[in-house]
Amino acid sequence: MFRGLFRSERARREALTAGQVTPDPSRCVQCGICSFNCPIGIDVRRHAWLGQPVVNSRCLTCGECVARCPRGVLTFERTNLFAERKK
Ligand code: SF4
Ligand code: SF4
């Protein structure tokens, strides 16, 4: 569904399993489309306003907010969550 967001299928899978939605606040126009389309109601717009990644255990990393943002504000950034767990 959001295949165009990622360079390859592998990149897509890695982002969805180990990524978090990260905003570039300087590009955000606070339109709220991201929050409106989040299937579980996370206020992504507020995260964009504050420049904070969506660190929310309820986030499905479904990519809906990333795909819907008309300004390209949101990206998946890889976290080292799983790497840390291996220690
Ligand atoms: S959809 Fe994009 S521009 Fe609109 S509030 Fe969300 S992050 Fe900002
Ligand atoms: S990735 Fe999906 S669940 Fe997570 S904040 Fe965006 S729309 Fe909501």
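Everything below is about the structure printed above this text.
Below or above, wherever it landed, is the structure these notes cover. (Residues numbered from 1 in each chain as written. Chains lettered and ligands numbered in written order. Predicted model: local features only at pLDDT ≥ 70, side-chain atom pairs only at ≥ 80, totals over all residues.)

When you go through the chain residue by residue, the secondary structure sums to 5 helices and 2 strands. Shown N-terminal to C-terminal, the secondary structure of the chain runs as helices and strands in the order α-β-α-α-α-β-α. Residues counted as buried form 23% of the 87 residues belonging to the chain. Intrachain contacts of the chain at a sequence separation of at least 6 include 65% that bridge at least 24 residues. (Helix = DSSP H or I, 4+ residues; strand = E, 2+ residues; numbered from the N terminus. Buried ≥ 20, exposed ≤ 12 C-beta atoms within 10 Å, placed from the backbone. Contact = placed C-beta atoms within 7 Å.)

This next bit is on the site of ligand 1. If you check the shell around ligand 1, you find 15 residues, and the closest are Cys28, Cys31, Cys34, Cys69 and Val73. Among the elements of the structure, helix 2 (33-37) and helix 3 (44-50) are those that each provide at least two residues to the shell around ligand 1. Among the elements that line the shell around ligand 1, the one with the most residues is helix 3, at 3 residues. Looking at side-chain class alone, the shell around ligand 1 contains 11 nonpolar, 2 polar and 2 charged residues. (Near = placed C-beta within 6 Å. Nonpolar A, V, L, I, M, F, W, Y, C, P; charged D, E, K, R; others polar.)

All right, on to the site of ligand 2 then. In the vicinity of ligand 2, 13 residues are found, and the nearest of them are Cys38, Cys59, Cys62, Glu64 and Cys65. Here the shell around ligand 2 is composed, by residue class, of 10 nonpolar, 2 polar and 1 charged.

Time to look at unusual backbone geometry. Despite not being glycine, Gln30 has its phi angle at roughly 60 degrees, a positive value. As for its position among the elements, Gln30 is in the loop between strand 1 (19-23) and helix 2. Taking the number of C-beta atoms within 10 Å as the measure of exposure, Gln30 has 13 and is therefore partly exposed. The phi angle at Thr61 is positive, at roughly 45 degrees, despite the residue not being glycine. Topologically, Thr61 is positioned in the loop between helix 3 and helix 4 (64-68).

Another aspect to go through is the environment of Phe36. One can find Phe36 in helix 2. The class of Phe36 is partly exposed, set by 13 C-beta atoms lying within 10 Å. Separated by 29 residues in the primary sequence, Phe36 and Cys65 have C-alpha atoms spaced 8.6 Å apart.

Here we come to the pairing of strand 1. Of all 5 residues in strand 1, 4 are buried; the element is thus mostly enclosed. Strand direction decides the pairing type here: strand 1 and strand 2 (residues 74-78), joined by 5 bridges, are antiparallel. Across the sheet, residue Gly19 finds its bridge partner in strand 2, namely Arg78. (Pairing = 2+ DSSP bridges.)

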